[in-house]
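Working through the structure, step by step
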Amino acid sequence: MPTDDPRPSDSPAAVAPAVPPLPAPWRWLLLLLACVSLATGVVGLFVPGLPTTVFVLIAAWAAARSSPRLHRWLLDHRVFGQLIRDWQAGGRVSRRAKWNATLAMSACAAFLLWAGSRWWVSALACGCMAAVLCWLWLRPEPVPG
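Note that the structure is a prediction, hence the values are computed from the model and not measured.

So, helix H3 (residues 68-76)
All of the buried residues along H3 are Leu-70, His-71, Leu-74 and Leu-75. Relative to the axis of H3, the buried residues are bounded by an arc of 135° and lie together on one face. Within H3, the exposed residues directed more than 90 degrees away from the buried face are Pro-68 and Arg-69. Looking at the packing, one finds that the buried side of H3 touches helix H1 (24-44), helix H2 (53-66) and helix H4 (81-88).

Rendered as C-alpha cells:
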C-alpha cells in the first residue's frame, strides 16, 4: 500500500502518530506541558522516588501534538527514544525497564519502612507501588528484532 510519507518505515520517526493540527494556543500549552514533563523526567533520573518514564511519555505525547521537531528529537534520543517507540507500538515495556522500575520502587519502599514514617503512609505508598508493578509486569514486551 503506497504512502505519501518519504521516511522509510523502519525509521524511528515513522512510528509517530499522525494527528491533525491544533489551534495555536493549544499547541503552545501542549509544548509547555512537553517541556515541563521532560524537565521533570530528567530530574527524576537523579532524584530517587521521582519517576522518569511517565514524564517522558507525557512529554512525547504532548510533543506529538504540538511540536513535530521536539517529538522527532525525543524519538531519536539515545536514552529515551526506544522507550517511547516501544510504548507507542502498543504499550510495550522492555524487561530491562520493568526490572529498573522494580528495583527503584523496592529501594523507595525499603527507605519508607526504614525511615519510620507513620505505618499507614508506608502501607499506602507500598500498596500503590505494588499495584503499579503488577500492572507494569503485565504489559507486553517489545518483539526482539
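Re the nonpolar core
Grouped together as the largest cluster of nonpolar side chains are 14 residues, with contacts concentrated most on Ala-34, Leu-38, Ala-63, Leu-70, Leu-74, Phe-80 and Ile-84. Among the secondary structure elements, those contributing two or more residues to this core are H1, H2 and H3. For this core, the element with the highest residue contribution is H2, accounting for six residues. Every residue in contact with Leu-70, bar those within four places of it in the chain, is listed here: Leu-31, Ala-34 and Ala-63. Residues Met-105, Ala-109, Met-129 and Leu-136 belong to the second largest nonpolar core, which totals seven residues.

Re the side chain of His-71
In this fold, His-71 is placed in helix H3. A polar side-chain atom of His-71 sits 3.1 Å from a polar atom in the side chain of Gln-88.

Describing the packing of H1 against H2
Each pair of packed helices can be described by the angle between their axes along with the distance between the axes. For the pair H1 and H2, interaxial distance at closest approach is 8 Å and the crossing angle is 155°. Between H1 and H2, the interaxial angle falls into the category roughly antiparallel. By crossing handedness, the relation of H1 to H2 is classed as left-handed. Contacts from Arg-27, Leu-30, Leu-31, Leu-33, Ala-34, Ser-37, Leu-38, Thr-40 and Gly-41 of H1 reach H2 at Phe-55, Ile-58, Ala-59, Trp-61, Ala-62, Ala-63, Arg-65 and Ser-66. Considering only residue class, the contact of H1 with H2 consists of 11 nonpolar, four polar and two charged.

Points about the layout of surface pockets
If you add up the space inside the largest pocket, you get close to 1,200 Å³. As for the largest pocket, its lining consists of 33 residues, of which Pro-51, Thr-52, Thr-53, Ala-97 and Ala-101 are closest to the centre. Among the secondary structure elements, those contributing two or more residues to the lining of the largest pocket are H2, H4, helix H5 (95-115) and helix H6 (119-137). Here the lining of the largest pocket gets nine residues from one element, more than from any other, and that element is H5. Split by residue class, the lining of the largest pocket holds 23 nonpolar, seven polar and three charged.

Regarding H6
For an α-helix, 3.6 residues make a turn, and residues three or four places apart therefore share a direction. End to end, H6 covers 27 Å across 19 residues, agreeing with the expected 27 Å (1.5 Å per residue, within 8%). Along H6, the residues that are buried comprise Ser-122, Met-129, Leu-133 and Leu-136. Each buried residue of H6 sits inside an arc of 60° when the element is viewed along its axis, so together they form one side. Residues of H6 that are exposed and point over 90 degrees away from its buried face: Leu-124 and Cys-134.

Analysis parameters
- Residues numbered from 1 in each chain as written.
- Predicted model: local features only at pLDDT ≥ 70, side-chain atom pairs only at ≥ 80, totals over all residues.
- Heavy atoms only, no water.
- Buried < 20%, exposed > 50% of the residue type's maximum accessible area, 1.4 Å probe, protein only.
- Helix = DSSP H or I, 4+ residues; strand = E, 2+ residues; numbered from the N terminus.
- Arc of directions from axis to C-beta.
- Contact = heavy atoms within 4.5 Å.
- Core = buried A, V, L, I, M, F, W, Y, C linked by side-chain atoms within 4.5 Å.
- Polar contact = N/O pair within 3.5 Å; in protein donor to acceptor, adjacent residues only side chain to side chain.
- Axes fitted to C-alpha atoms, helices over the stretch in contact; angles between N-to-C directions.
- Parallel < 35°, antiparallel > 145°, perpendicular 65-115°, else oblique.
- Left-handed = near helix turned anticlockwise from the far one by under 90°.
- Nonpolar A, V, L, I, M, F, W, Y, C, P; charged D, E, K, R; others polar.
- 1 Å grid on protein atoms, 1.4 Å probe; cavity = no way out; pocket = protein on both sides within 12 Å on 5 of 7 lines; lining within 4 Å.
- Points joined across faces, edges and corners; volume = space filled by probe spheres on them.
- Expected span 1.5 Å × (residues − 1).

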